[in-house]
Amino acid sequence: MKGAIVQCIGDLVKSNFGNDKWEKTLETAGMSKTSFFTPIQNVDDEKVMKIIESVCKVANISHAQASDAFGDYWVNVYAPKLYGSYFKGANTSKELLLKMDDIHDKVTKNIPNALPPRFEYEWKNDKTLILKYKSKRGLIDILLGLVKGVGKYYKEDLKVTKISNDKLQVIFPH
Ligand code: HEM
């Protein structure tokens, strides 16, 4: 997975829990505490999963809490800094979410070995979207946290529920 994900997790842990907790996280994951990540480098998926597990242990939070914290931080703090232009073209959470399939395709197109998640959109009615998640990584809880983060970014009260391991239901306020 792209180093951007790990860099974002690191920023989140450092700002919420302190530098020492990030060093502890890396050590718990079996890595050097001085490990450094850049957005475009590739980090083995296995390592990323270990880091996520370690964050849960070190910060003493559940996987669901970690997923929500990551989703919030990625959408509201990290991505606007690094990928601000993608947000400019969307004025509502509905518009941004509908661009997600295309954005993941574009942002990783020129990066060898990237394997972005892809999305399909199915409307139950004009306010209810079924977001189909296509990825072998199985990170539906992180997807849930990210979609909640999108609602917060646009100050919209989204109702997001997991309906299976590859589908979320999103109800928009309008
Ligand atoms: C402008 C905002 C965003 C950008 C630029 C972006 C970009 C990326 C990149 C570069 C990766 C790593 C892919 C790889 O290494 O193969 C990734 C992973 C991921 N993104 Fe985004 N992302 C954004 C917002 C979102 C949002 C809002 C969602 C939710 C709909 C989302 C869902 C995911 C998921 C679930 C993953 C984990 C990888 C997987 O499940 O296979 N992203 N994103």
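The rules behind the values
Residues numbered from 1 in each chain as written. Predicted model: local features only at pLDDT ≥ 70, side-chain atom pairs only at ≥ 80, totals over all residues. Heavy atoms only, no water. Axes fitted to C-alpha atoms, helices over the stretch in contact; angles between N-to-C directions. Helix = DSSP H or I, 4+ residues; strand = E, 2+ residues; numbered from the N terminus. Parallel < 35°, antiparallel > 145°, perpendicular 65-115°, else oblique. Contact = heavy atoms within 4.5 Å. Nonpolar A, V, L, I, M, F, W, Y, C, P; charged D, E, K, R; others polar. Phe/Tyr/Trp six-rings, centres within 6.5 Å; stacked < 30°, edge-to-face > 60°. Lys NZ or Arg CZ within 6 Å of the ring centre and 35° of its normal. Core = buried A, V, L, I, M, F, W, Y, C linked by side-chain atoms within 4.5 Å. Buried < 20%, exposed > 50% of the residue type's maximum accessible area, 1.4 Å probe, protein only. Domains from an automatic or database assignment. Salt bridge = Lys/Arg side-chain N within 4 Å of Asp/Glu carboxyl O.

1. Structural notes on the packing of helix α1 (residues 3–17) against helix α4 (residues 63–82)
Consideration 1: Interaxial distance between α1 and α4 falls to 10 Å at its minimum, and their mutual angle equals 100 degrees. Here α1 lies roughly perpendicular to α4, going by the angle between them. In contact with Ala 4, Ile 5, Gln 7, Cys 8, Ile 9, Asp 11, Leu 12 and Ser 15 of α1, α4 contributes Ala 69, Phe 70, Tyr 73, Trp 74 and Tyr 78.
Consideration 2: Among the residues making up the contact of α1 with α4, the classes are represented as 10 nonpolar, two polar and one charged.

2. Some words on the packing of aromatic side chains
Consideration 1: On inspection of all chains with the given rule, the structure shows eight aromatic pairs.
Consideration 2: The ring of Phe 172 is capped by Lys 94, whose NZ or CZ atom sits 5.5 Å from the centre of that ring.

3. A short note on the nonpolar core
Consideration 1: Among the nonpolar cores identified, the biggest contains 47 residues, and Ile 9, Ile 51, Trp 74 and Val 147 are the most heavily contacted of them.
Consideration 2: At the level of elements, α1, α2 (19–28), α3 (45–59), α4, α6 (93–108), β2 (128–134), α7 (140–153) and β4 (167–171) are the ones that each hand at least two residues to this core.
Consideration 3: Per-element accounting of this core gives the leading share, seven residues, to α1.
Consideration 4: Both domains that furnish three or more residues to this core are identified here as domain 1 (3–61) and domain 2 (91–171).
Consideration 5: Once residues lying within four places of it in the same chain are set aside, the contact partners of Ile 9 are Trp 22, Ile 51, Ile 52, Val 55 and Phe 70.

4. Description of the pattern of salt bridges
Consideration 1: For the coordinates displayed, the defined rule picks out 10 salt bridges.
Consideration 2: Asp 45 is the partner of Arg 137 in a salt bridge, and the nearest nitrogen-oxygen pair spans 2.7 Å. Of the two residues, Arg 137 is situated in the loop between β2 and α7 and Asp 45 in helix α3; the sequence distance between them amounts to 92 residues.
Consideration 3: Its relative accessible area of 28% is what places Asp 45 among the partly exposed residues.
Consideration 4: Two residues, Lys 152 and Asp 72, come together in a salt bridge whose shortest N-O distance is 2.9 Å. In this pair, Lys 152 is assigned in helix α7 and Asp 72 in helix α4, connecting sequence segments 80 residues apart.
Consideration 5: The partly exposed category is assigned to Asp 72, whose relative accessible area is 26%.
Consideration 6: If you follow the salt bridges from partner to partner, you end up with Asp 101, Asp 105, Lys 109 and Arg 118 in one network.

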